[in-house]
Amino acid sequence: MANQIQNRYEFVYLFDVENGNPNGDPDAGNMPRIDPETNFGIVTDVCLKRKVRNYVDVKFNDKSPNRIYIREKSILNNTHKEAYDANGIKLSDSDDKKRKGSGDEVEKVRKWMCDNFYDIRTFGAVMSTGINCGQVRGPVQINFGKSVESIMPLEITITRMAVATEDEAKKQQGDNRTMGRKHVIPYALYKTEGYVSAFLANQTGFNEDDLNLFWEALLNMFEHDHSAARGKMNARKLIVFKHQTALGNAPSYKLFDAVKIDRVNKNDLPSRNFEDYEIKLVRDSVPQNVEIIEML
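Attention in this report is confined to the structure presented alongside it. Quantities reported herein were computed from a predicted structural model and do not represent experimental measurements. (Residues numbered from 1 in each chain as written. Predicted model: local features only at pLDDT ≥ 70, side-chain atom pairs only at ≥ 80, totals over all residues. Heavy atoms only, no water.)

**A short note on unusual backbone geometry**
Selection rule: For the purposes of this entry, the term helix denotes a DSSP run of H or I that reaches at least four residues, the term strand denotes a run of E that reaches at least two, and both are numbered from the N terminus.
Note that the residue after serine 64, namely proline 65, is joined by a cis bond; omega there is 5 degrees. By secondary structure assignment, the location of proline 65 is in the loop between helix 1 (45–60) and helix 2 (76–86). Here the phi dihedral of aspartate 62 falls at roughly 60 degrees; this positive angle occurs in a residue that is not glycine. With respect to the helices and strands, the residue aspartate 62 is situated in the loop between helix 1 and helix 2.

Right, here's the structure in full:
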């Protein structure tokens, strides 16, 4: 059995995108998310967690203890019912609509969900929808990713040499083409930070093997998520800060501030590749009782 986590962690993660849309905004026609006041790009924590989930799902193919709860096209209450069945707790027909459950029952099924689903014991979950499996606060939390510089999304017109219906073909007199648009960012480097709590990890069963799988997912998840819409996305840097204790030995902001990103060639031209930046780690600002692990 893997060891429990005894240390607090923080991490800084850098990734970039070239000619792609890293996180479309459905409220803005799927344009890349931006801060409207600064034009800095944004990638949500939910987007990054989705990619971690997908990597784990690809690697373990829905096998315990690394199943994925928030899985594409999954029906959550059916999974909740599976937890009750596995613990020998019978549900009546009326329970399909709403079941509060006793404290002991909910605790049993909550633990079963943590034991079997990687994303629950990692990120947490609200499982009180209908058939109640309780709530879990996850030990791993991720901030929004933000681009290092302001970005300028492009709207590009594309052509499909086909139409969907015969009526469209008749209107075009056999030309049979459809015009569309896609949104891309020519290039942007994003930075996000995250946290790992030893106390919450011990509550959910998140252990050292789970933590190593999380680092592995961050390093490799873009390799299994390629698409025409997302363009070329790459993990560029992963710096982990390991405290000597579970409580921690330094404020997280001081550790995050130790990672400096500067333009190599400070001109007025926008960046178009990773080599335009220099990543510096100011080790003197990190206390000696915090270990720095450069994983990438």
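Following the structure, the description resumes.
**Comments concerning the packing of aromatic side chains**
Cut-off, in case you're wondering: Think of it this way: a Phe, Tyr or Trp ring, Trp meaning its six-membered ring, pairs with another when their centres are within 6.5 Å, and the plane angle makes it stacked under 30 degrees, edge-to-face over 60, tilted otherwise. Throughout this description, buried means an accessible area under 20% of the type-specific maximum (1.4 Å probe, protein chains only), exposed means over 50%, and partly exposed covers the range between. Here, a charge over a ring means that NZ of Lys or CZ of Arg falls within 6 Å of the ring centre while also lying within 35 degrees of the ring normal.
All told, the structure shown has eleven aromatic pairs when counted by the stated rule. Geometrically, the ring pair formed by tryptophan 112 and phenylalanine 117 is edge-to-face, given 6.3 Å between the ring centres and 65 degrees between the ring planes. Neither tryptophan 112 nor phenylalanine 117 differs from the other in exposure class; each is buried. Here the guanidinium or amino end of lysine 146 rests over the ring plane of phenylalanine 40, the centre of that ring lying 5.6 Å away.

**Some words on the packing of helix 2 against helix 3 (residues 103–116)**
Basically, it comes down to this: Axis angles are defined between N-to-C directions and span 0 to 180 degrees, where every axis is a line fitted to C-alpha atoms and, for a helix, only to the segment in contact. Here the angle decides the label: under 35 degrees means roughly parallel, over 145 means roughly antiparallel, 65 to 115 means roughly perpendicular, and every other value means oblique. In this scheme, a crossing is called left-handed if the near helix is turned counterclockwise away from the far one by less than a right angle; it is called right-handed if the turn is clockwise. Any two residues having at least one pair of non-hydrogen atoms within 4.5 Å are treated as being in contact. Classification convention: Asp, Glu, Lys, Arg as charged; Ala, Val, Leu, Ile, Met, Phe, Trp, Tyr, Cys, Pro as nonpolar; all other residues, Gly among them, as polar.
Where helix 2 meets helix 3, the closest approach of the two axes is 9 Å, and the angle between their N-to-C directions is 110 degrees. In terms of axis orientation, helix 2 runs roughly perpendicular to helix 3. Between helix 2 and helix 3 lies a crossing whose hand is right-handed. Within the contact between the two elements, helix 2 uses Thr79, His80, Glu82, Ala83, Tyr84 and Ala86 and helix 3 uses Val106, Val109, Trp112 and Met113. Here the residues of the contact of helix 2 with helix 3 sort into seven nonpolar, two polar and one charged.

Take it as geometry only, folks, not as evidence of what the structure does.
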